[in-house]
Amino acid sequence: MTSDAFVLLAFFLAVLLLTVKPLGVFIVTAMEPSRLLAALEPMESRLFGLLGLDPRKEMNWREYAYALVLFNSIAALWVYLLQRWQGSLPLNPQGLSAVSPDSSLNTAISFLTAACWQAYAGEVTMSYLTQMMGLGVLNFIAPATGLCVAFALLRGFSRHETSLIGNFWVDMVRSCLYVLLPLSLLLAVFLVQQGAIQNFHPYAEVQTLETTRYEVPTVDASGLALKDAQGQPRMEPASTRRQSLPMGPAASMDATKVMGNNGGGFFNVNAAHPFENPTPLSNLAGMLAMFLIPAALCYSFGSVVGDTRQGWALLATMVFMFAGSALVAVWAEQAGNPLLAGLGLDQTAGNLEGKEIRFGSAGSSLWGVITTASGTGGSNAMHDSFTPLGGFVCLWLMQVGEVVFGGIGVGLVGMLVFAIVAVFISGLMIGRTPEYLGKKIESFEMKMVSISILVTPLLVLVGTAVSVLLPEGKMGMLNPGAHGFSEVLYAFSSAANNNGSAFAGLSANTPYYNTMLAVALWFGRFFAIIPYLAIAGALAKKHRLETSEGTLPTHGVLFVMLLMATVLIVGALTYFPSLALGPFAEHFALWPQTQWSKP
Amino acid sequence: MNLNLRALLSTFLFLVFTTGLAYPLLVTAIAQIFFPFQANGSLIVNDGKAVGSRLIGQNFSSEGYFWGRPSATAPYPYNAGLSGGSNLGPLNPALVQSVNSRIHMLQAADPGNRAPVPVDLATSSASGLDPHISLSAARYQLGRVARARGMPLEVVDGLIAAHQEPSLFSATGEARVNVLELNLALDDIKPR
């Protein structure tokens, strides 16, 4: 690993940590009663009056969950219909026709769950209207939903003897208006300054310097490809001197893509496209944006429960796990590909297949680690072409449940759920009723914790197993051998954990994968969120216990280690067999014994 | 549990309006007022005609131009209408084959040059539209381009140096040059 890569990682972490406290304080101010909200009271009361909301009327967890799921379902329906009708709607200069039903369903659900799994190619599929008023809206609603869930749970910890955990409508509006909109606006303007496009023009036709000669399959009058005597498709020469440059309102969507941990880009190759992510500086800004709110929420959590040390402990756990993962991935990508070494190639720049020069192997693999850790999923390189270990790190960070920073709100809550498991296990070891932040952890909470932790592995492992058995599933693989299996495992890990990145060689835009992955996306999202809200409701009802000598402190080094071990052990026990079949098998095929035994 | 239909619909429509309409339009307005060049695609205009974008690479194959990175877009390389990478895994025989044939192509165009080929010149980019090559990949092609154009080595080398783009840390991207801009500069000095 080069020293520059260390500098990049250290600089990234330093800037990130500096933002944690100020932004964490701001988010609490925007979401909980504060002087800022008091000052905004006149404006808010008129807005809420207009919308028919009563901000003083709070909800219990069932009402909160009901409103949340209903609101999300309406949003999904809206985006589904926009895609189906885009052909007859305005802002469609390329005249793109309706998206197929299975692809529309998959896309609506994947953006709703903040996964933004993109089975389609943006520049040839989605009209400007669909991108902006459909997918763009979900880029706000999905992370705001996560923020609502996080604050519901924080209220569950900080309140006592009540069944009320907040008003969903008010939380949703405040998350979007005060937290996500201003941050996204700032980032969008910065991205344009760097070179990202933002316009409503039709695609620009330019004449290139040279003529490109290529071959296309010969087709007969009915459009069928002709074959020669050997059964190979017959090819005929073609040439072009035109380039059609895609246009559109990309920067506004790219900003919310990273700021909201959504990951759905404007173009097919997402953040690798020069119109989305034009410079190393825009790349750095994107990486920071992906961790910005999830990191700050750790501080918000500590502040709401009245002990900021609790938040720093969670953040420390995340930072250690992230830094470890990043070191492995960057080292693996910079080592290059041993199969290419003998061909007369100078590989000092690392593995550059499927990577852009302006990011290099370090900037690409670091982005890969951040996008999978944070639940963003937008990629600036082709993860499918990563080395086996680089790809493994991405896969692994999703499979542990995206708790290393994670998506907005849901990442923090996921880590809190593991903290509950950690105090539960240590409570069993010392024979005391486990408690966390002054709340007794009892059987109802543990049942909900178990559901939320078990549902994703179930979706990932069963989904993968079924797909590698069915012809429809096997047909989608691009790469042979263990890597083909990794492609399918990656797809289901990404969908069930709502990440959205892909080993994109997998042809996932088929009715089979669109439907299977939509199911994984939906259940992976709501079978985690609803138990989280149930835990919030149950905790809010409990008394607050005073800390005594027997209470396990949950802010020290010991607890950080315990928490890390819990995440690692649960993840390893669940996924080790499948990982052994995919990335590990591939790694040992690529670097055989003879290579290892060399000094 | 009473369904608050009014709150549901009004909140949803309000958010569609603010985040789906007001936000992108505000960004567009700011972008078009302050950064119109970037917002419209960083187009390079020569004699009143757009010849490309400084952010989108083009396909070069003649000996007198610097070549960009291999592009995996379909159906032809550097198809800006549909970005895409090869997605070939590290063990895929097709990857080894394509890197190998690219190396042979580079060596055939410049038989005297036996230096190792810089990795970016033989591996395809993520977008298929990468506008850059590394500084070493440009230097690797120096002799071939200068010979094909009958230009002195120092002049071409000076052009490469003048077009080197600074990187934040060298780790956030290799030292690199923009292929289209470099080739346009070559044509400016000595039209083919």
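Predicted model, so just to flag it, every value in this text is computed and none were measured.

S.K.: Would you explain the sheet that holds strand β4 (residues 132–134) of chain B in this entry?
M.R.: All names here are of chain B. The antiparallel open sheet is built from three strands, whose spatial order is β4-β6-β5. One side of each edge strand has no neighbouring strand; the edge strands of this open sheet are β4 and β5 (164–165). Both β5 and strand β6 (residues 176–178) contribute to a ladder of two bridges, which runs antiparallel. Opposite Glu165, over in β6, you have Arg176 as the bridge partner. Helix α6 (residues 179–189) contacts β4, β5 and β6 of the sheet and is inclined by roughly 60 degrees relative to β6.

S.K.: What exactly am I supposed to notice about the domain arrangement of chain A here?
M.R.: Many analyses report the size of an interface as the accessible area lost when the parts associate. Domains assigned within chain A are domain 1 (204–245) and domain 2 (408–593). For domain 1 of chain A versus domain 2 of chain A, the distance between C-alpha centres works out to 46 Å.

S.K.: How should I be thinking about the nonpolar core in this particular structure?
M.R.: Proteins that are soluble and globular tend to have nonpolar side chains buried together. A:Phe168, A:Ile293, A:Phe322, A:Phe405, A:Tyr436 and A:Leu533 are the most contacted members of the largest nonpolar core, which totals 209 residues. Per-element tally for this core: the top contributor is helix α7 (residues 128–158) of chain A, with 19 residues. If we skip the residues at most four places from it in the chain, A:Phe322 touches A:Leu9, A:Phe12, A:Leu13, A:Phe291, A:Leu366, A:Val369, A:Ile370, A:Val404 and A:Phe405. B:Trp67, B:Val99, B:Val119 and B:Ala185 belong to the second largest nonpolar core, which has 41 residues in total.

S.K.: What exactly am I supposed to notice about the interface of chain B and chain A here?
M.R.: Counting residues at the interface gives 102 residues for chain B and 113 residues for chain A. Here chain B meets chain A over a buried area of about 8800 Å², counting both sides, of which 69% is carbon and sulfur. Applying the counting rule to chain B against chain A returns one salt bridge. Residues B:Asp130 and A:Arg358 are paired through a salt bridge, measuring 4.0 Å at the closest nitrogen-oxygen approach. Applying the counting criterion to the chain B and chain A interface returns 36 residue pairs in polar contact (both at pLDDT 80 or more). Those elements that provide at least two residues to the side of chain B that touches chain A are α1 (5–34), α2 (36–39), β2 (49–53), α3 (93–109), β3 (117–118), β4 and α6 of chain B.

S.K.: What should I look at first to understand the layout of surface pockets in this one?
M.R.: Empty space among the atoms becomes apparent when a probe as large as a water molecule is rolled across them. Computed from the structure, the largest pocket encloses a volume of approximately 760 Å³. Every residue lining the largest pocket is counted, 39 residues in all, and those nearest its centre are A:Gln118, A:Asn268, A:Ala504, A:Gly505 and B:Asn87. Class assignment for the residues of the lining of the largest pocket results in 18 nonpolar, 20 polar and one charged. Quantified by volume, the second largest pocket comes out at close to 540 Å³. What lines the second largest pocket is a set of 25 residues, and nearest its centre among them are B:Pro70, B:Ser71, B:Pro77, B:Arg102 and B:Met105. Taken together, the elements giving at least two residues each to the lining of the second largest pocket come down to β1 (204–217) of chain A together with α3 of chain B. Top element by residues in the lining of the second largest pocket is α3(B). It accounts for five residues. Residue classes in the lining of the second largest pocket are distributed as 10 nonpolar, 11 polar and four charged.

S.K.: Explain a nonpolar patch on the surface to me, please; I cannot follow it from the model alone.
M.R.: Residues and elements named next belong to chain A. Taken together, the side chains of Ile451, Val519, Phe523 and Phe527 define a hydrophobic patch exposed on the protein surface, amounting to about 320 Å² of accessible area. If you tally residues by element for the nonpolar patch, the top one is helix α19 (residues 511–541), at three residues. Within the secondary structure layout, Ile451 lies in helix α16 (residues 443–469).

What counts and how
Residues numbered from 1 in each chain as written. Chains lettered and ligands numbered in written order. Predicted model: local features only at pLDDT ≥ 70, side-chain atom pairs only at ≥ 80, totals over all residues. Heavy atoms only, no water. Pairing = 2+ DSSP bridges. Helix = DSSP H or I, 4+ residues; strand = E, 2+ residues; numbered from the N terminus. Contact = heavy atoms within 4.5 Å. Axes fitted to C-alpha atoms, helices over the stretch in contact; angles between N-to-C directions. Domains from an automatic or database assignment. Core = buried A, V, L, I, M, F, W, Y, C linked by side-chain atoms within 4.5 Å. Buried < 20%, exposed > 50% of the residue type's maximum accessible area, 1.4 Å probe, protein only. Buried area = accessible area lost by both parts, 1.4 Å probe. Salt bridge = Lys/Arg side-chain N within 4 Å of Asp/Glu carboxyl O. Polar contact = N/O pair within 3.5 Å; in protein donor to acceptor, adjacent residues only side chain to side chain. 1 Å grid on protein atoms, 1.4 Å probe; cavity = no way out; pocket = protein on both sides within 12 Å on 5 of 7 lines; lining within 4 Å. Points joined across faces, edges and corners; volume = space filled by probe spheres on them. Nonpolar A, V, L, I, M, F, W, Y, C, P; charged D, E, K, R; others polar. Patch = residues over 30% accessible without salt bridge, like charges linked within 9 Å, V, L, I, M, F, W, Y side chains within 5 Å. Areas by Shrake-Rupley, 256 points an atom, 1.4 Å probe, with all protein chains shown as cover.

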